[in-house]
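# Working through the structure, step by step
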Amino acid sequence: MAKDSFLVGLIGAGIGPSLSPALHEREADRQGLRYLYRLIDIDMLGVRPEAVGDLLRAARDLGFDGLNITHPCKQLAIGHLDALTPQAEALGAVNTVVFENGRATGHNTDVTGFAASFARGLPDVPLERVVQLGAGGAGAAVAHATLTLGAGRVMVVDALADRAADLAASLNRHFGEGRAAAATADRLPQLLADADGLVHATPTGMAAHPGLPLPAGLLRPELWVAEVVYRPLETELLRTARALGCATLDGGGMAVFQAADAFRLFTGREPDAARMLADIAELAGVAVAPK
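Residues numbered from 1 in each chain as written. Predicted model: local features only at pLDDT ≥ 70, side-chain atom pairs only at ≥ 80, totals over all residues. Heavy atoms only, no water.

### Focus on the packing of aromatic side chains
Under the defined criterion, the tally for this structure stands at four aromatic pairs. Centroid distance Y35 to F263: 5.4 Å. Interplanar angle 25°. Geometry classified as stacked. Of this pair, Y35 sits in strand β2 (residues 34-41) while F263 sits in helix α10 (residues 252-267), and the two are 228 residues apart along the sequence. Here Y35 matches F263 in class, with each residue buried. Three or more aromatic residues link up through ring pairs in this structure, and these residues are F6, Y35 and F263. Of note, K3 hangs over the ring of F6, and the distance from its end group to the ring centre comes to 5.2 Å. (Phe/Tyr/Trp six-rings, centres within 6.5 Å; stacked < 30°, edge-to-face > 60°. Helix = DSSP H or I, 4+ residues; strand = E, 2+ residues; numbered from the N terminus. Buried < 20%, exposed > 50% of the residue type's maximum accessible area, 1.4 Å probe, protein only. Lys NZ or Arg CZ within 6 Å of the ring centre and 35° of its normal.)

### Here's the deal with the side chain of D279
Within the secondary structure, D279 is located in helix α11 (residues 273-283). Using a relative accessible area of 5% as the deciding quantity, one classes D279 as buried. Ignoring anything within four residues of it in the chain, the contact list for D279 reads L23, R26 and R30. (Contact = heavy atoms within 4.5 Å.)

### Some points on the environment of A281
In this fold, A281 is placed in helix α11. Accessibility expressed as a relative area gives 8% for A281, which makes it buried. For the pair A281 and L233, spaced 48 residues apart in sequence, the C-alpha separation works out to 7.9 Å.

### Some points on the sheet that holds strand β12 (residues 248-249)
The strand order across the open sheet built from six strands is β9-β8-β7-β10-β11-β12, with neighbouring strands paired in parallel fashion. Each having just a single partner strand, β9 (180-183) and β12 make up the two edges of the open sheet. Where strand β10 (residues 197-200) and strand β11 (residues 224-227) come together, four bridges link them in parallel fashion. In the strand pairing of β11, V199 is matched with A226. Where helix α6 (residues 137-148) meets the sheet, it contacts β7 (129-133), β8 (153-157) and β10, and its direction lies at approximately 170° from that of β7. (Pairing = 2+ DSSP bridges. Axes fitted to C-alpha atoms, helices over the stretch in contact; angles between N-to-C directions.)

### Details of the pairing of strand β6 (residues 103-107)
Regular strands have side chains that alternate between both faces of the sheet. The sheet contact formed by strand β4 (residues 83-84) and β6 spans two bridges and is parallel. Paired with L84 across the strands is G106, a residue of β6. Inspection of the sheet shows strand β5 (residues 96-100) paired to β6 by five bridges, in the antiparallel sense. Looking at β6, one finds that V97 is bridged to G106. Hairpin connection, β5 to β6: the antiparallel pair is bridged by two residues, and N101 has positive phi, about 55°.

Okay, here's the thing in structure tokens:
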């Protein structure tokens, strides 16, 4: 008989506003499942990120079916798992852990989530030259996804030069020499003048970090712009880019498709991503645009 009751959760810092519980529980309700999604906020618990190992062990002992992992624990969790998927191993980060038969396996659905969202939202854009802002955990995932989708070359720009260089080196090891390079922000005017598109993977534009991540004058109508931030769905970057006539992609799709992939891993059931896309639009307070 198929299992119909699930206990899952999210480990991270400052995760109170997360839409993950609502996204997962709404889809579970529609499928007739008993599904409880708990937030395990290390800030509220008063523990350091390094406590993720203790939290993982406790969740396994308490009968959790799985956990999502977010900042700042995606890399720290790896040392406390029994196995990693090849994608999670290549990234050096996990965002989903499945408990099964006493073992904890780490996955990364950020990569597949961004790839699915991009393929849906920007299916025919050129990908020869891509500039990416941000080389943190989300940046690593979306850079892998962009190259998996067939990008010719990704130029990684980050406020921390070493972090950009490390990500570019990792991408070249995985995808082949010359597929990625690191650059400093002062090169953005030249890079964007030659680029097909821009991927934004920093916190700028979130409700707590409003503003533009780069001078608006560097955008031009021929450039496509993909955003990782999903609260709000329409960031200042997307608003500015759309006003210029750029093709754009908001961060809601990545949030939904990574959640759908995690839901599938936790339950073995097939989620309805279209319904979940409508959910996130409603939950984020944005009317769903007709297709």
